[in-house]
Amino acid sequence: MRFFQKTRHIYFPIILLLVCLVNLASFAQTIPQSKKNVDDLTEDEVSIFYQKALDSGMSEMQIEKAAKAQGYTAADIAKMRDKLSKFSNSSKSEKKTESEENTGNRVTNGKLSKSKNEENASSKENANAKDDPSNLNISRVKKSIEEQIFTLEERIFLSQPLNVYNDSLVKAYKELQLRRSIALEKVIFGADLFDSETLNFEPDLKIATPSNYTLGPDDELNIDIFGDVLDNFKVKVSTEGTVKILNLSPIYVNGLSIEAASNRIIGRLRQLYQGLNKPGSGSSAQVTLGNVRSIKVTLTGEVKFPGSYTVSSLATIFNALYLAGGPSANGSYRNIRLIRGNKTIRTLDLYDFLLKADQKDNIHLQDQDIIRISDYETRVELIGEVKRPMIFETLKGETLKDVLRFAGGFTSKAYTYSIPVTRNTSRELKLMNITQDEVSNFLPQNGDKYVIGAIIERFENRVEIEGAVFRPGMYALEQGVSTVKELIKRAEGAREDAFLNRATITRRQENFDPQIISIDLGKILRGEVADVALHREDVIKVFSFSNLKEKRTVSIFGEVNQEGEFEYKVGMKVGDLILEAKGFKEGASYSKLELARRIVSHGMGSISDEKVEIITFDINGNLEISNKGSQFILSPFDILSIRKSPDYEKQRYISIQGMVNYPGVYALKNNQVKISDFIELSGGLKSGAFLEGAQLYRNSEIVGIKLEEVIAKPSSKDNMYLMAMDSIYVPRIDQTVKLTGALQNPVSVTYKPDFKLSDYIAEAGGFSPNAIKSNVYVKSPNGISSKTKRFLFFKNYPKVLPGSEIIVDGIPLGSKKGLTPGEVMGITTSLASFSLTLIYLINQLIK
């Protein structure tokens, strides 16, 4: 791209000619496939081909050969050169005019704005964002670094999504991403100062005019006269450096400060206004600066966007540096010179502002000033455990201590005992180690790379104690805490539950393998044996009795308010456990409490088949301490069972609804209540009660009963004993009969006493074709069903009562009814063959 930009005025016609004529894959959509007359090309085509030519990667030699291969002569190429030269010249003149109008920055309404050069560069950068494979929406400094470390092919590879998941491609892609992430962290300290959108260093034009402000052509002055005389003048400094007021001769103010110019102007005005600004005159005058002029400054050297800029006369060096993008990748941040009249009048060190906010050298600019950014001389890289890991520039005489100050100092985890530095020699790399004492005197060299490591996550004087002590934790191994006994004392002693017969020390051996050392802690504390010295990273563990035992519980089940397991406590009694279980339930039995206890011999005695001991005893319901049962001492893991009293039972209820005198819910007094007793208890039946339809519900299911027989004959088997939650329903008489199933017209009809089953079926239109006539049954209102009975050729149909339901079964749809003639023939043939075989066998046996 840069090659074509430099040589486009020389080879531009040839490039465009080739683009128009050669059938290349990259220009397949826009390049003609056959030879085209040069005179027929329009300016729009020229413009399009011009942009395509800029993206081409062919050399001028290849372009000329390709043009000749297409049959174009030197005359054709000359015509194209002439035609495109006109277009090129017109384009150049337009750019020149625009450049002259917008070179540098514009001062609009007294405010500073960026130059069109920079705006064009920014817009061009945005326009090419899609084509730029390194566009990562990062700062310009990072983008510049990325372009330096990656080739064009690598940047294109990184910008594309990885669609082909080949192992080698994935590996290469990840390696490039790692290189990019590492490189982008290596930012030059101060580079982001001129890359921030919220920091622009624009001069404040609303402040009072500085007394040392130097006037020049185009500055505007406001002259106010007040007091006995009122007048006002607005004058502008001419190109000759003078201002003109009324009929006075020109007043020369060029190069004067605003204060000196004010004295000169007022002195001249006294020719018109006697005693102006003198005591007792009654009139005064004041000269202030109105609109400021614009000046031109030039930035050169290692600056990102060198050139001339138009800025406000109030602008400082920082204003101009920001407009020019600051130092380039090779520019110095420590040696920025302001040249005025071929003399360096000030040298700016940006680190003074970055580190101390010192702007003593950020002076105001004057017309034709030159700002030159020198090449850097020494840059070093500082990474790792510092607050600002970056690339820093150093001046002659500055030491590594200064560089660490630039980086904000070490982080809290920095390893400062020794700092490794990689240095470039004339032939190869050299590794050096800088101690803490050498930091103040060590002089960095260009290219040095300092890596500040992190401290090791280990302690040089730590010991730890855990377990049954009052203050477990980590302690410093120092004078006063160097032995086991001293450490126990520092941890405020062992707890009461500490197991002192044996404690352990976990210690690292020389090869860092863990080692266990067992000690008799009780004897050490009593002074019966020698104390044990501690080593760094020792861990002492003091066990407790509770940690060495299975969790001991006792359990209670049965008639208590809270069943379950409870923590065993030494001396716990049966009465205590019942209190833990929140007392007895109402139906608890105080006799024959059962206690199941483990039999444990630890394998020391003879082996017995009995594993559990059962203890039975009585207890006082008041849990008095004097009661022997409540004072029975428990052992760990005992299980206490409390039974329900045999004569205790909760109230049970039965209900009756329908045609009785007192329907409702009744208590079941005992287990000897029968249906007839319940009917009598409810006040007997009302007139109109339909006894044949009475139903008994038990567990939500109908139990068929014959209430008429029960009342007439209480000794009947149908007179059942009632159970809790039983319910009896005695309905009114229902004068309908319901017909369902395989009938022509399933329907409910009026009950007729003289009708038989067949009559009711006829009322429903008779059987349907799929009806099974032999499987007809009647469901009585009380839930009992009766089926048609057969005896020889006689049928006995069940009785139909009011409220009954006649049900006719049918063959399911899709199923066949009866046997086909072929099936009948097959079965008959099989039976005949079987009969003949049987007769033959019988005859053989007889013989």
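In this text, all values refer to a predicted model and were calculated from it rather than measured experimentally. (Residues numbered from 1 in each chain as written. Predicted model: local features only at pLDDT ≥ 70, side-chain atom pairs only at ≥ 80, totals over all residues. Heavy atoms only, no water.)

Undergrad: Quick rundown of the overall build of the protein chain? Include the residues and the values.
TA: Looking only at helices and strands, the protein chain features 19 helices and 39 strands. The buried share among the 847 residues of the protein chain stands at 36%. Within the protein chain, contacts between residues separated by at least 24 positions form 59% of all contacts whose residues are at least 6 apart in sequence. (Helix = DSSP H or I, 4+ residues; strand = E, 2+ residues; numbered from the N terminus. Buried < 20%, exposed > 50% of the residue type's maximum accessible area, 1.4 Å probe, protein only. Contact = heavy atoms within 4.5 Å.)

Undergrad: I'd like to hear about the pairing of strand β18 (residues 462–467), residue by residue, with values.
TA: Where β18 meets strand β19 (residues 473–476), 4 bridges bridge the pair, whose relative direction is antiparallel. Note that in β19 the partner of Arg-462 across the bridge is Ala-476. Linking β18 to β19, which pair antiparallel, is a turn of 5 residues. Where β18 lies against strand β22 (residues 539–542), 4 bridges are found, and the strand directions are parallel. (Pairing = 2+ DSSP bridges.)

Undergrad: I'd love a proper account of unusual backbone geometry, names of residues and values included.
TA: Positioned with a positive phi, Leu-246 is a non-glycine residue whose angle comes to about 45°. In this fold, Leu-246 is placed in the loop between β5 (242–243) and β6 (251–252). Taking relative accessible area as the criterion, Leu-246 reaches 47% and is therefore assigned partly exposed. Located in the positive-phi region is Asn-277, a residue other than glycine, with phi close to 65°. Within the secondary structure, Asn-277 sits in the loop between α9 (258–269) and β7 (283–289). Judged by relative accessible area, which is 35%, Asn-277 ranks as partly exposed.

Undergrad: Would you mind going over the sheet that holds strand β3 (residues 220–227) in detail, with residue names and values included?
TA: Spatial ordering of the open sheet is given by β4-β3-β7, a layout of 3 strands whose pairing is antiparallel. Sheet topology places β4 (231–236) and β7 at the edges, where each strand pairs with a single neighbour. When strand polarity is set aside, the average angle formed by the axes of neighbouring strands in this sheet is 15°. By the bridge criterion, 7 bridges tie β3 to β7 in an arrangement that is antiparallel. By the bridge assignment for β7, Ile-223 is matched with Val-287. (Axes fitted to C-alpha atoms, helices over the stretch in contact; angles between N-to-C directions.)

Undergrad: Please give an account of the sheet that holds strand β36 (residues 785–787) that cites residues and values.
TA: In space, the 5 strands of this open sheet follow the order β34-β33-β39-β35-β36, with mixed pairing throughout. Of all strands in the sheet, those bounded by a partner on one side alone are β34 (748–750) and β36. With strand direction ignored, the average angle separating the axes of adjacent strands in the sheet is 25°. With 3 bridges connecting them, strand β35 (residues 771–779) and β36 associate as antiparallel partners.

Undergrad: Give me the packing of aromatic side chains: which residues, what numbers.
TA: Under the counting rule described, the total for this entry stands at 12 aromatic pairs. Between the aromatic rings of Phe-499 and Phe-545, the centroid separation amounts to 5.5 Å while the plane-to-plane angle is 90°, which identifies the pairing as edge-to-face. Residue Phe-499 is found in the loop between α13 (484–490) and β20 (503–508), and its partner Phe-545 is found in the loop between β22 and β23 (553–558); the two are separated by 46 residues along the sequence. Overall, Phe-545 belongs to the partly exposed group, its relative accessible area being 41%. Just above the ring of Phe-637 sits the side chain of Arg-598; from NZ or CZ to the centre is 4.0 Å. (Phe/Tyr/Trp six-rings, centres within 6.5 Å; stacked < 30°, edge-to-face > 60°. Lys NZ or Arg CZ within 6 Å of the ring centre and 35° of its normal.)

Undergrad: Describe α9, listing the residues and the values that go with them.
TA: The terminal C-alpha atoms of α9 lie 16 Å apart, and with 12 residues this matches the ideal 16 Å at 1.5 Å per residue to within 8%. Here α9 has its buried residues at Ile-258, Ala-261, Ser-262, Ile-265, Ile-266 and Leu-269. The buried residues of α9 occupy one face: seen down the axis, they fall within an arc of 130°. Packed against the buried residues of α9 are β3, β5, β6 and β7. (Expected span 1.5 Å × (residues − 1). Arc of directions from axis to C-beta.)

Undergrad: If you had to explain the nonpolar core to someone new, which residues and values would you point to?
TA: Judged by nonpolar contacts, the single largest core of 49 residues is most densely connected at Leu-299, Leu-321, Ile-371, Leu-382, Phe-392, Leu-400 and Tyr-450. With sequence-adjacent residues up to four places away left out, Leu-299 is seen in contact with Pro-306, Gly-307, Tyr-309, Ala-320, Leu-321, Ala-324 and Ile-371. Counting 26 residues, the second-largest nonpolar core is a separate cluster that includes Ile-266, Leu-269, Leu-289 and Val-292. (Core = buried A, V, L, I, M, F, W, Y, C linked by side-chain atoms within 4.5 Å.)

Undergrad: Hey, could you go over a nonpolar patch on the surface for me, with residue numbers and the actual values?
TA: A surface patch of nonpolar side chains, amounting to about 430 Å² of accessible area, comprises Phe-834, Leu-838, Ile-842 and Ile-846. For Ile-846, the position within the fold is in helix α19 (residues 821–846). (Patch = residues over 30% accessible without salt bridge, like charges linked within 9 Å, V, L, I, M, F, W, Y side chains within 5 Å. Areas by Shrake-Rupley, 256 points an atom, 1.4 Å probe, with all protein chains shown as cover. Salt bridge = Lys/Arg side-chain N within 4 Å of Asp/Glu carboxyl O.)

Undergrad: Would you mind going over the confidence of the model for the protein chain in detail, with residue names and values included?
TA: Mean pLDDT for the protein chain: 79, with 74% of residues reaching 70 or above. At the low end of the mean pLDDT range in the protein chain sits strand β1 (residues 106–108), at 34; at the high end sits β22, at 96. Predicted confidence for residues 1–35 stays below pLDDT 50, and this span has 71 contacts to residues more than four positions away or in other chains. Every residue in residues 92–141 is under pLDDT 50, and counting partners more than four places away or in other chains gives 80 contacts. (pLDDT = per-residue confidence, 0-100.)

Undergrad: So what's going on with the pattern of salt bridges? Residues and values would help.
TA: Tallied over the entire structure, the rule returns 22 salt bridges. A salt bridge links Asp-361 to Lys-360; the nearest nitrogen and oxygen atoms lie 3.9 Å apart. Looking at Asp-361, the relative accessible area reads 13%, which means it is buried. For Glu-649, the salt bridge is made with Arg-652, and the minimal N-O distance between the two is 2.6 Å. What you see here is one network of salt bridges that share partners, running through Arg-346, Asp-352, Lys-356, Asp-358, Lys-360 and Asp-361.

Undergrad: Just give me the short version of the side chain of Asp-219, but keep the residues and values in it.
TA: With respect to the element layout, Asp-219 can be found in the loop between α8 (167–185) and β3. When its relative accessible area of 0% is taken as the criterion, Asp-219 is described as buried. Apart from the residues within four sequence positions on either side, Asp-219 is in contact with Tyr-213, Thr-214, Val-235, Lys-236, Val-237, Leu-289, Asn-291, Val-292, Arg-293 and Ser-313.

Undergrad: Summarise the pairing of strand β12 (residues 370–375); cite the residues concerned and give the values.
TA: Every regular strand shows the same layout, with side chains that alternate between the two sheet faces. With 4 bridges connecting them, strand β8 (residues 294–301) and β12 associate as parallel partners. In the strand pairing of β12, Gly-301 is matched with Ile-373.

Undergrad: Give me the lowdown on the side chain of Ser-676, citing residues and values where you can.
TA: Considering the arrangement of structural elements, one finds Ser-676 in helix α16 (residues 675–681). We classify Ser-676 as buried; its relative accessible area is 16%. Setting aside residues up to four positions removed in sequence, Ser-676 forms contacts with Val-710, Pro-714 and Asn-719.

Undergrad: Quick one: what's the story with the environment of Ser-284, residue by residue and with numbers?
TA: Within the secondary structure, Ser-284 is located in strand β7. Distance in space between the C-alpha atoms of Ser-284 and Leu-230 is 9.2 Å, their sequence separation being 54 residues. Once residues within four sequence positions are removed from consideration, Ser-284 is found in contact with Asp-224, Ile-225, Phe-226, Leu-276 and Asn-277.

Undergrad: Requested: an account of the environment of Phe-632, with residues and values cited.
TA: Looking at the secondary structure, you find Phe-632 in the loop between β26 (612–617) and β27 (639–642). A relative accessible area of 24% means that Phe-632 is categorised as partly exposed. As a C-alpha pair, Phe-632 and Val-574 span 58 residues in sequence and 5.5 Å in three-dimensional space. Apart from the residues within four sequence positions on either side, Phe-632 is in contact with Met-572, Lys-573, Val-574, Leu-595, Arg-597 and Ile-615.

Undergrad: Go over the environment of Leu-355, please, and point to the residues and values.
TA: With respect to the helices and strands, the residue Leu-355 is situated in helix α11 (residues 350–356). Taking the C-alpha atoms as reference points, Leu-355 and Gly-408, 53 residues apart in sequence, are found 8.9 Å from one another.

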